[in-house]
Amino acid sequence: MTVAHPLIEYMREHELRLTTAESCTAGLIVTLLAEVPGSGALIESGYVVYSPEAKQRLLGVKPRTIETFNLTSREVAEEMALGALRDANANVAVATTGLLGPDDKDGIPAGTVCFAWAFEVDGQRALFSRRERFFGDRSQVQRLSSEYALQQIPSYHQRALAGDRR
């Protein structure tokens, strides 16, 4: 059983429909969910956006946010998640942006991934973000970060239900 199996049950119970905005995870979050039979009804869409231009054009990430905080930042992940949620027929969005490696870049250590989770609850938006670091080769970091993004959905959803907005 993968991390997606219990999440799919949680999503069904809470009537969650997901959209993703993935950069470094390159669609793996959606892929992990799609491996579970019957999950298709719970996946609305998935964006894979690598370039700054694609993040801006498709998700509404502001150029100033990228210039100020860098592509690998919680702020960019937050704008990606909100952009995906705004455009989709979904009530939860997960976004990832990061540096898989093998080398550090612009002072950012390889394996650094920024995440954002956005929820639509009772007509209000809740937004949470984190910056984490994973270790391993590119493939391992991609897998670990995708699994992490999925594992966190229930806890952030519970916080959103409790009225926490950030």
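Residues numbered from 1 in each chain as written. Predicted model: local features only at pLDDT ≥ 70, side-chain atom pairs only at ≥ 80, totals over all residues. Heavy atoms only, no water.

## Focus: the UniProt feature "domain: CinA C-terminal" (unreviewed entry) in the chain
Residues given the UniProt feature "domain: CinA C-terminal" (unreviewed entry) here are residues 4–153. In residues 4–153, the share of helix is 41% and the share of strand is 26%. The end C-alpha atoms are 11 Å apart. (UniProt positions renumbered as here; feature names shortened; annotations may be inferred. Helix = DSSP H or I, 4+ residues; strand = E, 2+ residues; numbered from the N terminus.)

## Structural notes on the environment of Thr-97
For Thr-97, the position within the fold is in strand 3 (residues 92–99). For the pair formed by Thr-97 and Glu-44, sequence separation is 53 residues and the distance between their alpha carbons is 20 Å. Those residues in contact with Thr-97 that sit more than four places away from it in its chain are Ser-23, Cys-24, Lys-55, Leu-71, Thr-72, Ser-73, Val-76, Ala-77, Met-80, Val-113 and Cys-114. A polar contact of 2.9 Å, which involves the side chain of Thr-97, links it to the backbone oxygen of Leu-71. (Contact = heavy atoms within 4.5 Å. Polar contact = N/O pair within 3.5 Å; in protein donor to acceptor, adjacent residues only side chain to side chain.)

## As for the nonpolar core
Leu-33, Trp-117, Phe-119 and Ile-153 are the most contacted members of the largest nonpolar core, which has 34 residues in total. Contributions of two or more residues to this core are made by helix 1 (4–13), helix 2 (28–34), strand 3, strand 4 (112–121), strand 5 (124–133), helix 6 (138–151) and helix 7 (153–161). Non-local contacts of Trp-117, meaning those with residues more than four positions away in its chain, are made with Ala-93, Val-94, Ala-126, Leu-127, Phe-128, Ser-129, Arg-130, Tyr-148, Ala-149, Gln-152, Ile-153 and Tyr-156. Counting residues in hydrophobic clusters, the runner-up holds 19 residues, among them Val-61, Ala-95, Ala-116 and Leu-127. (Core = buried A, V, L, I, M, F, W, Y, C linked by side-chain atoms within 4.5 Å. Buried < 20%, exposed > 50% of the residue type's maximum accessible area, 1.4 Å probe, protein only.)

## Describing the pairing of strand 2 (residues 43–48)
Note that strand 1 (residues 18–22) and strand 2 share five bridges and pair parallel. Residue pairing for strand 2: Ala-21 is matched across the bridge by Tyr-47. (Pairing = 2+ DSSP bridges.)

## Describing helix 3 (residues 52–59)
Among the residues making up helix 3, those that are buried are Ala-54, Lys-55 and Leu-59. All buried residues of helix 3 project into a common sector of 100° when viewed along the axis, lining one side. After helix 3 finishes, the residue Gly-60 shows a positive phi value of roughly 75°. (Arc of directions from axis to C-beta.)

## Examining the sheet that holds strand 2
The strand order across the open sheet formed by five strands is 2-1-3-4-5, and the pairing between neighbours is mixed. Across the chains shown, the open sheet's two edge strands, defined by having one partner strand only, are strand 2 and strand 5. Between one strand axis and the next, the sheet turns by 10° as a mean value, whatever way the strands run. Each of strand 3, strand 4 and strand 5 is contacted by helix 6, which is oriented at about 25° to strand 4, the strand it contacts most. (Axes fitted to C-alpha atoms, helices over the stretch in contact; angles between N-to-C directions.)

## Describing the pattern of salt bridges
One pass over the structure, following the stated rule, counts seven salt bridges. Close ionic contact of Arg-12 with Glu-9 constitutes a salt bridge, the shortest N to O distance being 3.0 Å. Here Glu-9 and Arg-12 lie together in helix 1, a separation of three residues that amounts to about one turn. When its relative accessible area of 36% is taken as the criterion, Arg-12 is described as partly exposed. (Salt bridge = Lys/Arg side-chain N within 4 Å of Asp/Glu carboxyl O.)

## A short note on the pairing of strand 4
Along any regular strand, the residues point their side chains to alternate faces of the sheet. For strand 4, a buried count of nine out of ten residues is recorded, marking the element as mostly surrounded by other parts of the structure. Relative to strand 4, strand 3 is paired through eight bridges, and the arrangement is antiparallel. Opposite Thr-97, over in strand 4, you have Cys-114 as the bridge partner. Judged from the ten bridges that link them, strand 4 and strand 5 form a sheet pairing that is antiparallel. In the strand pairing of strand 5, Trp-117 is matched with Phe-128. The hairpin turn running from strand 4 into strand 5, its antiparallel successor, is two residues long, and Asp-122 in that turn takes a positive phi close to 50°.

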